[in-house]
Amino acid sequence: LGNMEDVFVPIVENDPQIATIYIATEDGLMISYDCDSGENGTAEKGYYEYRKAGWYQTGIKSETYAVTDPYADAYGKGQVITFSAPVKSPSGNALGYIGIDLRIREIEEAIVKYGIVSPWQAVMINPDGKVMVGGRGESSSEFSGTIYDESVYGTLSLVADQILQDRDGIFKSGEGKDAVYVACA
C-alpha cells in the first residue's frame, strides 16, 4: 500500500468529478487522496475511524461493487456519491475496500457538457428508483425524490416499475400521437 499516492494522484488530477479516492483495510489503515487536501495535494495519512461509517459498511458487505445514495461530503466538497468495491483475499475474506467519491454537480455538468443529454431529460437512479443525479434541471442536493413522483417526472413515473424490473430497454407510455418513449440502460 506504500505507493498508493503514486497511483491516486494522476487519477484525481485528470478527472474533476473525483472528490476523493481511497483504499481502506479491515485493520484500520486508510490511504486517501484528493487534490484539495494538504500541501499541494499530498495524500492525507491521519487516522479516521471509518469502519463503522455507512459508506464503508455498504462497500465491504457487497459481493461485487456498491453505490451509496448521495450525501454531503464531510470535508465540504458538496454532494457526492461513493462507488466502491471490496478487496478480498483469494479465499474470499474481506481485506478492505477501495472507493471513489464523485461530485454530483460535476457529473451533472459533464453529462450536459459532452452532449449526452439535456439535464431536463436524464436521471441516474439507484435500484429503488431514488433520483441520484439530474432530472428536471434540479440538483440532487435540492431534490431527493423518486421516479415514482408523477408531479416531477411525469411519463417517467408511469413506466417506473418496468424500468426498475427490466433495468434496460425502451418503454412506451400512451398511444398514438400521445405516445412517449423512455429509454434506459
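What counts and how
- The numbers attached to residues start from 1 for each chain and follow its sequence in the written order.
- Only residues with pLDDT of at least 70 get local features here, since the model is predicted, and only at 80 or more are side-chain atom pairs given and counted; chain-wide, interface and lining totals rely on the full set of residues.
- To get the side-chain values, take all heavy atoms of the structure and skip hydrogens and water.
- The classification of residues rests on relative accessible area computed with a 1.4 Å probe and restricted to protein chains. Under 20% of the type maximum is buried, over 50% is exposed, and intermediate values are partly exposed.
- Put simply, DSSP marks the helices as runs of H or I at least four residues long and the strands as runs of E at least two long, and each gets a number from the N terminus on.
- In this context, the arc is that of the directions from the helix axis out to the C-beta atoms.
- In what follows, residue pairs with any heavy atoms lying within 4.5 Å of each other are defined as contacts.
- As a per-residue measure, pLDDT tells how confident the predictor is, with possible values from 0 to 100.
- A side-chain nitrogen of Lys or Arg and a carboxyl oxygen of Asp or Glu constitute a salt bridge if their distance falls within 4 Å.
- What counts as a ring pair is set by centres within 6.5 Å for rings of Phe, Tyr and Trp (its six-membered ring), and what kind of pair is set by the plane angle: stacked under 30 degrees, edge-to-face over 60, tilted for all other angles.
- N or O atoms closer than or at 3.5 Å make up a polar contact, with two conditions inside protein: a donor-capable atom paired with an acceptor-capable one, and, for residues adjacent in sequence, both atoms drawn from side chains.

What follows concerns helix H2 (residues 54-61). Residues of H2 that are buried: Trp55, Tyr56, Gly59 and Ile60. Around the axis of H2, the buried residues are gathered within 120 degrees of arc, so they sit on the same side. Of the surrounding secondary structure, the elements contacted by the buried residues of H2 are strand E1 (18-25), strand E2 (30-33), strand E3 (66-67), strand E4 (71-72), strand E5 (79-88) and strand E6 (94-103).

Across the protein, the average pLDDT comes to 75, with 78% of residues at 70 or higher. Below pLDDT 50 for its whole length, residues 39-45 participates in 14 contacts with residues either more than four positions away or in separate chains.

A few words now on the pattern of salt bridges. Here the structure, examined in full by the defined rule, presents two salt bridges. As a salt-bridge pair, Lys88 and Glu63 come within 3.9 Å of each other at their nearest N and O atoms. Residue Lys88 is found in strand E5, and its partner Glu63 is found in the loop between H2 and E3; the two are separated by 25 residues along the sequence.

This part is about the packing of aromatic side chains. A complete count under the given rule lists three aromatic pairs for this structure. A ring pair is formed by Tyr50 and Tyr56, whose centres lie 5.2 Å apart and whose planes are at 65 degrees; its orientation type is edge-to-face. Across the pair, Tyr56 and Tyr50 agree in class, each one buried. Among the aromatic residues, those joined into a ring-pair cluster are Tyr22, Tyr50, Tyr56 and Tyr97.

Each full turn of the α-helix corresponds to 3.6 residues, which orients residues three or four apart in the same direction. Within the span of helix H1 (residues 4-13), buried status applies to Met4, Phe8, Val9 and Val12. Axial view of H1: buried residues confined to an arc of 125 degrees, hence all on one face.

It is worth spelling out the side chain of Ser84 at this point. If you trace the backbone, Ser84 turns up in strand E5. Overall, Ser84 belongs to the buried group, its relative accessible area being 6%. Of note is the side chain of Ser84, whose polar atom sits 3.4 Å from the side chain of Tyr97. Setting aside residues no more than four positions away along its own chain, Ser84 makes contact with Gly59, Tyr65, Ala66, Tyr97, Ile98 and Gly99.

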